[in-house]
Amino acid sequence: MTQAPAPIDILLVEDDPGDVLMTQEAFEHHKIRNALHIAADGVEALEFLNREGRFREAPRPGLILLDLNLPRKDGREVLGEIKRDPDLRTIPVVVLTTSEAEEDIVRSYELHANAYVTKPVDFEKFIEVVRKIDDFWVTVVQLPHR
């Protein structure tokens with residue numbers, strides 16, 4: 001029998017408290033064992049990733065779920081900074097956003113997003129999307145150890 005994958009740290013970069021709550025509920029609903037950390041804007045996300053300020057003891061996430069429309073520094077800027085940084089670029093970034101705009105999709109992939117997922121507005125569908133992201137990125141894919 002195969003062993004369950006080891007839990008990973010996931011950084012959710014999301015400014016909408018409702019979407020944060022839905023993601024947390026999706027983790028609880030599917031008994032996802034991964035640790036979910038929250039950054040409420042792009043500046044906070046980069047502080048977390050660079051272990052600055054109150055995030056000095058932050059773990060290195062194995063996966064980043066990134067909204068595009070964020071205050072202070074938007075998701076496109078955050079994605080660009082992550083993928084330009086040799087220490088961070090190997091962390092997979094899944095853009096998880098409400099935007100279905102073709103230019104956002106194209107730009108995200110140009111900035112080397114690992115996946116682009118549009119958030120469903122329906123709660124049950126949202127929970128299913130989060131479960132599928134977790135299944136794929138934690139169970140199926142080999143992530144680098146750091």
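Read on for an overview of the structure. None of these values were measured; they are calculated from a predicted model. (Residues numbered from 1 in each chain as written. Predicted model: local features only at pLDDT ≥ 70, side-chain atom pairs only at ≥ 80, totals over all residues. Heavy atoms only, no water.)

### Structural notes on the environment of Arg72
Right, on to step 1. Tracing the chain through its elements places Arg72 in the loop between β3 (63–66) and α3 (75–84).
Right, on to step 2. For the pair formed by Arg72 and Met22, sequence separation is 50 residues and the distance between their alpha carbons is 23 Å.
Right, on to step 3. Excluding residues within four positions of it along the chain, Arg72 makes contact with Asp41, Val43 and Glu44.
Right, on to step 4. At a separation of 2.9 Å, a polar atom in the side chain of Arg72 contacts the side chain of Asp41. (Helix = DSSP H or I, 4+ residues; strand = E, 2+ residues; numbered from the N terminus. Contact = heavy atoms within 4.5 Å. Polar contact = N/O pair within 3.5 Å; in protein donor to acceptor, adjacent residues only side chain to side chain.)

### Comments concerning the packing of helix α2 (residues 42–49) against α3
When two helices pack together, their arrangement is captured by the angle between the axes and the distance separating the axes.
Right, on to step 1. For the pair α2 and α3, interaxial distance at closest approach is 9 Å and the crossing angle is 20°. Here α2 lies roughly parallel to α3, going by the angle between them. With respect to the hand of their crossing, α2 and α3 are arranged in right-handed fashion. Facing α2, whose interface residues are Gly42, Ala45, Leu46 and Leu49, α3 presents Val78, Glu81 and Ile82.
Right, on to step 2. Split by residue class, the contact of α2 with α3 holds 5 nonpolar, 1 polar and 1 charged. (Axes fitted to C-alpha atoms, helices over the stretch in contact; angles between N-to-C directions. Parallel < 35°, antiparallel > 145°, perpendicular 65-115°, else oblique. Left-handed = near helix turned anticlockwise from the far one by under 90°. Nonpolar A, V, L, I, M, F, W, Y, C, P; charged D, E, K, R; others polar.)

### Some points on the packing of aromatic side chains
Right, on to step 1. Following the criterion strictly, the structure yields 2 aromatic pairs and no others.
Right, on to step 2. Between Phe136 and Trp137, the aromatic rings sit 5.2 Å apart at their centres with planes inclined by 90°, giving edge-to-face as the arrangement. (Phe/Tyr/Trp six-rings, centres within 6.5 Å; stacked < 30°, edge-to-face > 60°.)

### Side note on the sheet that holds β3
Right, on to step 1. The 5 strands lie next to each other as β2-β1-β3-β4-β5, forming an open sheet whose pairing is parallel. Edge positions in the open sheet fall to β2 (35–39) and β5 (115–118), since each of these has one partner strand only. When strand polarity is set aside, the average angle formed by the axes of neighbouring strands in this sheet is 20°.
Right, on to step 2. Note that strand β1 (residues 9–13) and β3 share 4 bridges and pair parallel. What sits directly across from Leu12, in β3, is Leu65.
Right, on to step 3. Packing against the sheet, helix α5 (residues 123–140) makes contact with β1, β3, β4 (93–97) and β5, and its axis sits at approximately 175° to β4. (Pairing = 2+ DSSP bridges.)

### Brief notes about the packing of helix α1 (residues 17–29) against α5
Right, on to step 1. Look at α1 against α5: their axes get within 9 Å of each other, and the N-to-C directions meet at 65°. Of the two elements, α1 crosses α5, and the hand of that crossing is right-handed. Taken together, the residues of α5 that come into contact with α1 (itself represented by Asp19, Met22, Thr23, Glu25, Ala26, Phe27 and His29) are Phe123, Phe126, Ile127 and Val130.
Right, on to step 2. By residue class, the composition of the contact of α1 with α5 is 7 nonpolar, 2 polar and 2 charged.

### Side note on the side chain of Thr23
Right, on to step 1. Tracing the backbone shows Thr23 in helix α1.
Right, on to step 2. One polar contact links the side chain of Thr23 to the main-chain carbonyl oxygen of Asp19, over a distance of 2.8 Å.
Right, on to step 3. In this structure Thr23 touches Leu12, Leu36 and Phe126, once residues within four positions along its chain are discounted.

### Examining the pattern of salt bridges
Right, on to step 1. Using the criterion set out here, one finds 11 salt bridges in the structure.
Right, on to step 2. Note that Arg76 is salt-bridged to Asp104, the shortest N-O span being 3.0 Å. With a gap of 28 residues between them, Arg76 in helix α3 and Asp104 in helix α4 (residues 102–110) connect regions that are remote in the sequence.
Right, on to step 3. Ionic pairing is found between Glu110 and Arg107, a salt bridge with its closest N-O pair at 3.5 Å. Of the two residues, Glu110 and Arg107 both sit in helix α4, 3 residues apart, roughly one turn of that helix.
Right, on to step 4. Salt bridges sharing partners connect three or more residues here, namely Glu14, Asp19, Asp67 and Lys119. (Salt bridge = Lys/Arg side-chain N within 4 Å of Asp/Glu carboxyl O.)

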